[in-house]
Amino acid sequence: MKLSTKHLLGIKDLNKEDIQLILSTAGQFKEVLQRPVKKVPSLRDVTIVNLFYENSTRTRMSFELAERRLSADVLNFTASSSSAAKGETLLDTVNNILSMKVDLVVMRHSASGAPHFLAKHIPAAIVNAGDGINEHPTQALLDAFSMQEKTGRIEGLKVAIIGDIMHSRVALSNMYLLKKMGAEIMVVGPPTLIPKYLEEALGVRVTYNVQEALQWCDVANVLRIQLERQNQPLFSSLREYNLAYGIKQKMLDKLNKEIVIMHPGPINRGVELDSDVADGSHSIILNQVENGVAVRMAALYLLAGRSDEN
């Protein structure tokens, strides 16, 4: 089977079959990662450049590890230490890289739509590793893989997305994916951090009451407060945010059921999650990090067109 698209620019561009294919392929690669020898020759002779115009730790390391596990040749690009810092345009930078015969570009950029712009101008396949406040498709895919692994399903699952919905590309990609796969979604946070008309536009439930969301959901995906993307104060203080919207162990103890706690990282401990929750029995946060490598291996493998060789 093959993906219906040449690029992975966003979940919005994938159909349900594409998502299922990536998740099932990721399951196969996760089995590979449990072996003593974790490296496979699947992308030997394929060259991949990690083009990061924005700071990243987990995503960049996860992509690079996935690429090396697939035996790809890897180039790493950081804007602050490149000619981009001297004024070179994005397109000039990429065309110079492509002249080195690059096959795949993994791109993170602070401008929404940057990977889409690039996809129209270069022949290489593009993987969006996060663009502005638009999408972060591989994070949504690894979140879905982790939910499915933990609960055994995605269809019919009740998922609460909690926190800074307004500025989160993870939230948007998760909403697109979960809707396509038949899950129910509730978003929760301060009114100033939830876009107007979200309920009507995407068919999700909206609440401003965290305890109500926790009582309703099977999975709580908790998001970081993205102060760097906020042009003005949207709530009084981090302490007050924690008091009103932070997830605490005593809140989970009040529930009459077990729920799953997730977080895409980095965690602001004591703000959106208290440490005993982040490290507690409800949490699958470290499983998400582990699953990220398998999911990104699957996406790269499928985009390189290798799936029809076996």
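Presented here is an overview of the structure given in this document.

## A closer look at the side chain of His 167
Along the polypeptide, His 167 turns up in the loop between strand 5 (158-162) and helix 6 (169-180). Since its relative accessible area comes to 9%, His 167 is described here as buried. Looking at His 167, its side chain comes within polar contact range of the side chain of Asp 164, at 2.9 Å.

## Brief notes about the pairing of strand 1 (residues 47-52)
The buried fraction of strand 1 amounts to six of the six residues, a majority that puts the element mostly inside the structure. Residues Thr 47, Val 49 and Leu 51 line one face of strand 1 and the alternating positions Ile 48, Asn 50 and Phe 52 line the opposite face, and both faces are buried. Pairing analysis gives six bridges linking strand 1 to strand 2 (residues 73-78), with the strands arranged parallel. Along strand 2, the bridge assignment pairs Asn 50 with Asn 76. You can see the chain leave strand 1, run along helix 2 (residues 58-69) and come back into strand 2, and the turn it takes is right-handed.

## Structural notes on the sheet that holds strand 4 (residues 125-131)
The strand order 2-1-3-4 describes an open sheet built from four strands, whose pairing is parallel. The two strands at the open ends of the sheet, each matched to only one other strand, are strand 2 and strand 4. Taking the axes of each pair of neighbouring strands and ignoring which way they run, one obtains an average angle of 15° across the sheet. Across the face of the sheet, helix 3 (residues 90-98) comes into contact with strand 1, strand 2 and strand 3 (104-109) while running at roughly 160° to strand 1.

## So, the packing of helix 2 against helix 12 (residues 285-303)
One way to put it is that helix 2 packs onto helix 12 with a least axis distance of 8 Å and a crossing angle of 60°. As judged from the angle between their axes, helix 2 and helix 12 are oblique. The handedness of the crossing between helix 2 and helix 12 is right-handed. Residues Thr 59, Ser 62, Phe 63, Leu 65, Ala 66, Glu 67 and Arg 69 of helix 2 lie in contact with helix 12, whose contacting residues are Gly 292, Val 293, Arg 296, Met 297 and Leu 300. Its residues assigned to classes, the contact of helix 2 with helix 12 comprises six nonpolar, three polar and three charged.

## A word on the sheet that holds strand 9 (residues 260-262)
If you trace the five strands from one edge of the open sheet to the other, you get 7-6-5-8-9, paired in parallel fashion. A strand with exactly one partner marks an edge of an open sheet, and here the two such strands are strand 7 (205-207) and strand 9. The mean inter-strand angle of the sheet, taken between neighbouring strand axes irrespective of direction, is 20°. Where strand 6 (residues 184-188) lies against strand 7, three bridges are found, and the strand directions are parallel. Among the inter-strand pairings, Val 188 is bridged to a residue of strand 7, identified as Thr 207.

## Focus: the environment of Asp 13
Position of Asp 13 relative to the elements: it lies in the segment before helix 1 (16-33). Between the alpha carbons of Asp 13 and Tyr 176 there is a distance of 9.6 Å; along the sequence they are 163 residues apart. Every residue in contact with Asp 13, bar those within four places of it in the chain, is listed here: His 116 and Lys 180.

## Observations regarding the environment of Leu 178
Tracing the sequence through the fold places Leu 178 in helix 6. What makes Leu 178 buried here is its relative accessible area of 0%. When residues no more than four places from it in sequence are discounted, the contact partners of Leu 178 are Met 147, Ile 154, Val 159, Ala 183 and Ile 185.

## Some thoughts on the packing of aromatic side chains
Counting across every chain of the model gives three aromatic pairs. Relative to Tyr 301, the ring of Phe 29 lies with its centre 5.3 Å away and its plane at 85°, an arrangement referred to as edge-to-face. Linking Phe 29 in helix 1 with Tyr 301 in helix 12, this pair joins segments that are 272 residues apart in sequence. In terms of burial, Phe 29 and Tyr 301 fall into one category: buried. Aromatic pair Tyr 53 and Phe 77: ring centres 5.3 Å apart, planes at 45°, arrangement tilted. Separated by 24 residues along the polypeptide, Tyr 53 in the loop between strand 1 and helix 2 and Phe 77 in strand 2 bring together distant segments of the chain.

So, how was this worked out
Residues numbered from 1 in each chain as written. Predicted model: local features only at pLDDT ≥ 70, side-chain atom pairs only at ≥ 80, totals over all residues. Heavy atoms only, no water. Helix = DSSP H or I, 4+ residues; strand = E, 2+ residues; numbered from the N terminus. Buried < 20%, exposed > 50% of the residue type's maximum accessible area, 1.4 Å probe, protein only. Polar contact = N/O pair within 3.5 Å; in protein donor to acceptor, adjacent residues only side chain to side chain. Pairing = 2+ DSSP bridges. Right-handed = clockwise from strand over helix to strand, strands pointing away. Axes fitted to C-alpha atoms, helices over the stretch in contact; angles between N-to-C directions. Contact = heavy atoms within 4.5 Å. Parallel < 35°, antiparallel > 145°, perpendicular 65-115°, else oblique. Left-handed = near helix turned anticlockwise from the far one by under 90°. Nonpolar A, V, L, I, M, F, W, Y, C, P; charged D, E, K, R; others polar. Phe/Tyr/Trp six-rings, centres within 6.5 Å; stacked < 30°, edge-to-face > 60°.

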